[in-house]
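# Inside the fold
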Amino acid sequence: MLKVAFIVPPYVELLDLAGPAQTFLEAKSHGLDAAIEFYSFHDRTISTSGVGFGEIKNYKEADLKAGDYVFVPGTEHDYLRSDQFLAEKSFFAWIAQCADSNVNTCSICTGAFFLGEAGLLDGRECTTHWRRTDELKTRFPKAKVLADILYVKSDNIYTSAGISAGIDLALAILEHLKGPNFVHKV
């Protein structure tokens, strides 16, 4: 069975998480044989809007295999510039290992910064929210950052612009998996 895992980072942007997750949940109601899972790397996670989450399994408990998908949604901009973010080295190593194991590794909006810290954007075309493309270029000069594009697929690394572009990316993945007629139903 296909697994689609969503990481819930600190200060997650709710729509970056909810849009793609709901797209896959809707696909399940139309017959997609997939498990939808949620993971975090902090015991207590709060969104940018202040909405908290209950207990979420730690990402180290995820059992992802080649062909599965993992999504890293965007987070608060100040967090991305913090020492707390840069200290998440074990998560960066884990997400890099996922990609190396042929797990399809996806970011929504500023989730691309997690992939950048993991070294996954080096030499790849990628994107992020339009307000953050210049910063992504500056912080990760080996990345080929594209502006004004909804999403980019580079091997098994997917990046998307913000919020609704995450839904577009999820729909594109579903089209690849199940075809355009299935996506139309979703």
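Residues numbered from 1 in each chain as written. Predicted model: local features only at pLDDT ≥ 70, side-chain atom pairs only at ≥ 80, totals over all residues. Heavy atoms only, no water.

## Things to note about the side chain of Thr 45
Mapped onto the elements of the fold, Thr 45 is located in the loop between β2 (34-40) and β3 (57-58). Side-chain polar atoms of Thr 45 contact the side chain of Ser 40, separated by 2.9 Å. Residues contacting Thr 45, with those up to four places away along its chain left out, are Val 8, Pro 9, Pro 10, Ser 40, Val 51, Gly 52 and Phe 53. (Helix = DSSP H or I, 4+ residues; strand = E, 2+ residues; numbered from the N terminus. Polar contact = N/O pair within 3.5 Å; in protein donor to acceptor, adjacent residues only side chain to side chain. Contact = heavy atoms within 4.5 Å.)

## Focus: the pattern of salt bridges
Tallying each qualifying case throughout the model produces 6 salt bridges. A salt bridge links Asp 63 to Lys 65, with the nearest nitrogen and oxygen atoms 2.7 Å apart. Between Arg 139 and Glu 135 there is a salt bridge; the shortest N-O distance is 3.5 Å. Here Arg 139 and its partner Glu 135 are both found in helix α6 (residues 133-139), 4 residues apart, which amounts to about one turn of the helix. A relative accessible area of 26% means that Arg 139 is categorised as partly exposed. On the accessibility criterion, Glu 135 (14% relative accessible area) is buried. (Salt bridge = Lys/Arg side-chain N within 4 Å of Asp/Glu carboxyl O. Buried < 20%, exposed > 50% of the residue type's maximum accessible area, 1.4 Å probe, protein only.)

## Regarding the pairing of strand β1 (residues 2-8)
Judged by how many residues are buried, β1 sits mostly within the fold: 7 of 7 residues are covered. Side-chain alternation along β1 places Leu 2, Val 4, Phe 6 and Val 8 on one buried face and Lys 3, Ala 5 and Ile 7 on a second face that is also buried. In terms of strand pairing, β1 meets β2 through 7 bridges, oriented parallel. Residue Val 8 lies in a different strand from β2, and its bridge partner there is Ser 40. Between the parallel elements β1 and β2, the chain passes through helix α1 (residues 14-29) in a crossover that is right-handed. Relative to strand β4 (residues 69-72), β1 runs parallel, the two being bridged by 3 bridges. Looking at the pairing, Phe 6 lines up with Phe 71 of β4. (Pairing = 2+ DSSP bridges. Right-handed = clockwise from strand over helix to strand, strands pointing away.)

## Re the sheet that holds strand β9 (residues 157-160)
Spatially, 7 strands are ordered β3-β2-β1-β4-β5-β9-β8 in an open sheet, and the strand pairing comes out mixed. This sheet does not close on itself; its edge strands, each paired only once, are β3 and β8 (151-154).

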